[in-house]
Amino acid sequence: QVQLVESGGGLVQAGGSLRLSCAASGRTFNGYTMGWFRQAPGKEREFVAAIRRNSDVTYYADSVKGRFTISRDNAKQTVYLQMNSLKPEDTAVYYCAADRGSGAEYNYWGQGTQVTVSS
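Draft legend 1. Inspection of the nonpolar core at higher detail. Among the nonpolar cores identified, the biggest contains 30 residues, and Leu4, Met34, Trp36, Leu81, Met83 and Tyr94 are the most heavily contacted of them. Looking at this core, the elements that each hand over two or more residues are strand E3 (18-25), strand E4 (33-39), strand E5 (46-51), strand E7 (68-73), strand E8 (78-83), strand E9 (92-99) and strand E11 (113-118).

Written out as structure tokens, the structure is:
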């Protein structure tokens, strides 16, 4: 089992940047695909980005391509989400998740961190 704790959220103006971190504990961290999801007020949770286990191939939602970058540091057991050129529509609670496979089923979730982008 893996435990996940997100941090780095906050309030920024449109066009600004934030870097989210997800600290993981548990065995075989390198063997987990890691993902970021978000949930805006009144909306369903949506996929943001993922980094695949072992190969580190990355995937992004169309809405964040070119603005967000996901990365991982296996030595630190930490996953990051660098968010640039933030827009008000990026406002949401951001969740870190882990999958034993390739991202089809995320079994472990963090508590979330709030990101608010003002216009």
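Draft legend 2. Highlighting the side chain of arginine 38. Considering the arrangement of structural elements, one finds arginine 38 in strand E4. Given the relative accessible area of 4%, arginine 38 is considered buried. A distance of 2.9 Å separates a polar atom in the side chain of arginine 38 from a polar atom in the side chain of aspartate 90. In terms of polar contacts, arginine 38 uses its side chain to reach the side chain of tyrosine 94, at 2.9 Å. When neighbours within four sequence positions are excluded, arginine 38 is seen to be in contact with Glu44, Arg45, Glu46, Val48, Ser63, Val64, Phe68, Glu89, Asp90, Ala92, Val93 and Tyr94.

Draft legend 3. Structural view of a nonpolar patch on the surface. A grouping of Phe47, Val57 and Tyr59 is seen on the molecular surface, where their side chains present a nonpolar patch of about 240 Å² in accessible area. Along the chain, tyrosine 59 turns up in strand E6 (residues 58-60). The exposure class of tyrosine 59 is partly exposed, given its relative accessible area of 39%.

Draft legend 4. Layout of the pairing of E8. Burial of E8 is extensive: 5 of the 6 residues sit out of reach of the surface. As defined by bridge partners, E3 adjoins E8 across 6 bridges and the pair is classed as antiparallel. When the bridges of E8 are listed, leucine 20 appears paired with leucine 81. Where E7 meets E8, 6 bridges bridge the pair, whose relative direction is antiparallel. Directly across from serine 71, in E8, lies its bridge partner tyrosine 80. Here E7 folds back onto E8, and the loop between the two strands holds 4 residues, one of which, glutamine 77, carries a positive phi near 50 degrees.

Draft legend 5. Fine view of the sheet that holds E8. Strand order in the open sheet formed by 4 strands is E1-E3-E8-E7, with antiparallel pairing between adjacent strands. In the strand order of this sheet, the two ends are held by strand E1 (3-7) and E7, each with one partner. Taking each pair of neighbouring strands and ignoring which way they run, the sheet shows an average axis angle of 15 degrees.

Draft legend 6. Looking closely at the pattern of salt bridges. Here the structure, examined in full by the defined rule, presents 4 salt bridges. The shortest N-O distance in the salt bridge between arginine 38 and aspartate 90 comes to 2.9 Å. On the criterion of sequence distance, the pair formed by arginine 38 in strand E4 and aspartate 90 in the loop between E8 and E9 is long-range, its members being 52 residues apart. Accessibility assignment for this pair places arginine 38 and aspartate 90 in one class, buried. Aspartate 90 serves as the salt-bridge partner of arginine 67, at 2.8 Å between the closest nitrogen and oxygen. Taken together, the positions of arginine 67 in the loop between E6 and E7 and aspartate 90 in the loop between E8 and E9 put the pair 23 residues apart, joining distant regions of the chain. Each member of the pair, arginine 67 together with aspartate 90, is buried. Taken together, the shared-partner salt bridges connect Arg38, Glu46, Arg67 and Asp90 into one network.

Each value, and the rule that gives it
- Residues numbered from 1 in each chain as written.
- Predicted model: local features only at pLDDT ≥ 70, side-chain atom pairs only at ≥ 80, totals over all residues.
- Heavy atoms only, no water.
- Core = buried A, V, L, I, M, F, W, Y, C linked by side-chain atoms within 4.5 Å.
- Buried < 20%, exposed > 50% of the residue type's maximum accessible area, 1.4 Å probe, protein only.
- Helix = DSSP H or I, 4+ residues; strand = E, 2+ residues; numbered from the N terminus.
- Polar contact = N/O pair within 3.5 Å; in protein donor to acceptor, adjacent residues only side chain to side chain.
- Contact = heavy atoms within 4.5 Å.
- Patch = residues over 30% accessible without salt bridge, like charges linked within 9 Å, V, L, I, M, F, W, Y side chains within 5 Å.
- Areas by Shrake-Rupley, 256 points an atom, 1.4 Å probe, with all protein chains shown as cover.
- Salt bridge = Lys/Arg side-chain N within 4 Å of Asp/Glu carboxyl O.
- Pairing = 2+ DSSP bridges.
- Axes fitted to C-alpha atoms, helices over the stretch in contact; angles between N-to-C directions.

Function-wise, these values are silent; they only describe arrangement.
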